[in-house]
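What follows is each chain in one-letter form.
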Amino acid sequence: MAADGTPLPAKGRSRIQERNRTRILDAALDVFSAHGFRGATLDQIAERAGMSKPNILYYFDGKEAIHVALLGALMETWIAPLRALGQTAEPKAALMDYIHAKLEMSRTMPRESRLFANEILQGAPRMGPHLESELKPLFDEKCALIRDWVSTRRIAPIDAEHFLMTIWAVTQHYADFEAQIDTLVPRDAHWARARRHVDAVFAPMLEPGAD
């Protein structure tokens, strides 16, 4: 932090400062994804990071500042596959690529998915402005694109908004309910089976003759 308490811009940080910030954020991601914002404490984050609480507060002005930093970094990553939808491939392949990308994010970024889910479950108090300014316009744009594909009979008649939300519900379930799934399904075959299943569910829905 600068002398006035504001965070240093990235270009003003030393290599050690960048490393410590990354260490804190990674530890905080573990804690927030497990306990949510309300259940997480600075003491837990400090313990997880292997740093003292005063050292944490040197880099971040409290728990909420850490949470906001994580959410801000996550937002662009989270919406990147949606932003790419339709930029390449024909409509059905483009939508299946999007579904596969979301499933892969659940496999490789379960903590981030739970961080996002916990924020939404609380009413998005810190992410609300990002949802309005970033996700909503992009969501509307992609729904319009899907409706155009439907109107030109390039995919089957689907409700664009609810189709996207169904994708989120199915794919993010694998991250947000990971503990339950690990109990119910052997992990060694889990992701291959999940991909085959989402293909079987979504691909037939998109066939132009599906109606």
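Just above sits the structure.
The model shown is predicted, which means the values in this text are computed figures rather than measured ones.

Criteria and cut-off values
Residue indices follow the written sequence of each chain, beginning from 1 at its first position. Whole-chain, interface and lining totals are the exception, using all residues; otherwise, since this is a predicted model, local features are given only for residues with pLDDT of at least 70 and side-chain atom pairs are given and counted only at 80 or more. Excluding hydrogens and water, the side-chain values take into account all heavy atoms of the structure. By the criteria applied, helices consist of DSSP H or I runs no shorter than four residues and strands consist of E runs no shorter than two, each listed in order from the N terminus. A simple rule labels every residue: compare its accessible area, found with a 1.4 Å probe on the protein chains alone, to the largest value its type can have, and call it buried under 20%, exposed over 50%, or partly exposed in between. Contact criterion: two residues are considered in contact whenever any of their non-hydrogen atoms come within 4.5 Å of each other. To be clear on the numbers: accessible area is Shrake-Rupley with a 1.4 Å probe, and residue cover counts the displayed protein chains and nothing else. Neither His nor the chain termini are counted; the positive set is Lys and Arg, and the negative set is Asp and Glu. By convention, the charge on Lys lies at NZ, on Arg at CZ, on Asp at CG and on Glu at CD. In these notes, a set of buried Ala, Val, Leu, Ile, Met, Phe, Trp, Tyr and Cys residues joined through side-chain atoms within 4.5 Å is what counts as a nonpolar core. Interaxial angle, 0 to 180 degrees, is taken between N-to-C directions of lines fitted to C-alpha atoms, where a helix line uses only the stretch in contact. An angle counts as roughly parallel when it lies under 35 degrees, as roughly antiparallel when it exceeds 145, as roughly perpendicular when it falls between 65 and 115, and as oblique in every other case. Each crossing gets its handedness from the near helix: less than a right angle anticlockwise from the far helix is left-handed, clockwise is right-handed. Under the pairing criterion, centres of Phe, Tyr and Trp rings, with the six-membered ring standing for Trp, must be within 6.5 Å; the plane angle then separates stacked pairs below 30 degrees from edge-to-face pairs above 60, leaving the rest tilted. As a reminder, the over-ring test applies to NZ of lysine and CZ of arginine, requiring each to be within 6 Å of the ring centre and within 35 degrees of the ring normal. One less than the number of residues in a helix, times 1.5 Å, gives the span that helix is expected to have. To get the bend at any residue, fit one axis to the seven residues that end at it and another to the seven that begin at it, then take the angle between the two axes.

*Asks:* Is there a simple way to explain the overall build of the chain in this structure?
*Replies:* When helices and strands are tallied, the chain shows 10 helices and 0 strands. The order of helices and strands in the chain, counted from the N terminus, is α-α-α-α-α-α-α-α-α-α. Overall, the chain is about 65 × 40 × 30 Å in size when its C-alpha atoms are taken along their principal axes. Every one of the 211 residues in the chain was classed for burial, and the buried ones make up 41%. Long-range pairs, those at least 24 residues apart, make up 68% of the contacts in the chain with a sequence separation of at least 6. Just so you have it, the chain exposes about 11300 Å², and 55% of that area is on carbon and sulfur atoms. For the chain, the distance from the average site of its 26 positive side-chain charges to the average site of its 28 negative ones is 4 Å.

*Asks:* Which parts of the structure should I look at to understand the nonpolar core?
*Replies:* In a soluble, globular protein the nonpolar side chains are often hidden away together inside. Membership of the largest hydrophobic core comes to 57 residues, with the highest contact counts inside it found for F32, I56, I66 and I146. Ignoring sequence-local partners within four residues, the contact set of I56 consists of I24, L42, I45, A46, A49, M51 and I66.

*Asks:* Is there a simple way to explain the packing of helix α5 (residues 91–108) against helix α10 (residues 190–206) in this structure?
*Replies:* Geometry of a packed helix pair, given as the angle between the helix axes and the separation of the axes. As a packed pair, α5 and α10 sit with axes 10 Å apart at the nearest point and diverge in direction by 150 degrees. It follows from the interaxial angle that α5 and α10 lie roughly antiparallel. For the pair α5 and α10, the sense of crossing is right-handed. For the pair α5 and α10, the contacting residues are K92, L95, M96, I99, H100, L103, S106 and R107 in the first and W191, A194, R195, V198, D199, F202, A203 and L206 in the second.

*Asks:* Which parts of the structure should I look at to understand the packing of aromatic side chains?
*Replies:* Within the structure shown, the criterion is met by 6 aromatic pairs. A centroid spacing of 4.9 Å and a plane angle of 85 degrees characterise the contact between Y58 and Y59, whose relative ring orientation is edge-to-face. Its guanidinium or amino end placed over the ring of W78, K102 lies 4.5 Å from that ring's centre, counting from NZ or CZ. Positioned above the aromatic ring of F37 is the side chain of R126, whose terminal nitrogen or guanidinium carbon lies 3.8 Å from the ring centre.

*Asks:* Which parts of the structure should I look at to understand helix α4 (residues 63–84)?
*Replies:* An α-helical segment advances 3.6 residues per turn. Residues three or four places apart therefore align on the same side. For α4, spanning 22 residues, the distance from its first C-alpha to its last is 33 Å, which sits close to the expected 32 Å at 1.5 Å a residue. Along its length, α4 shows its largest kink, about 30 degrees, at L74. Regarding α4, the residues found buried are K63, I66, H67, L70, L71, L74, M75, W78, I79, P81 and L82. Trailing α4 by a residue or two, G86 shows a phi angle of about 90 degrees, which is positive.

By themselves these figures say nothing about function.
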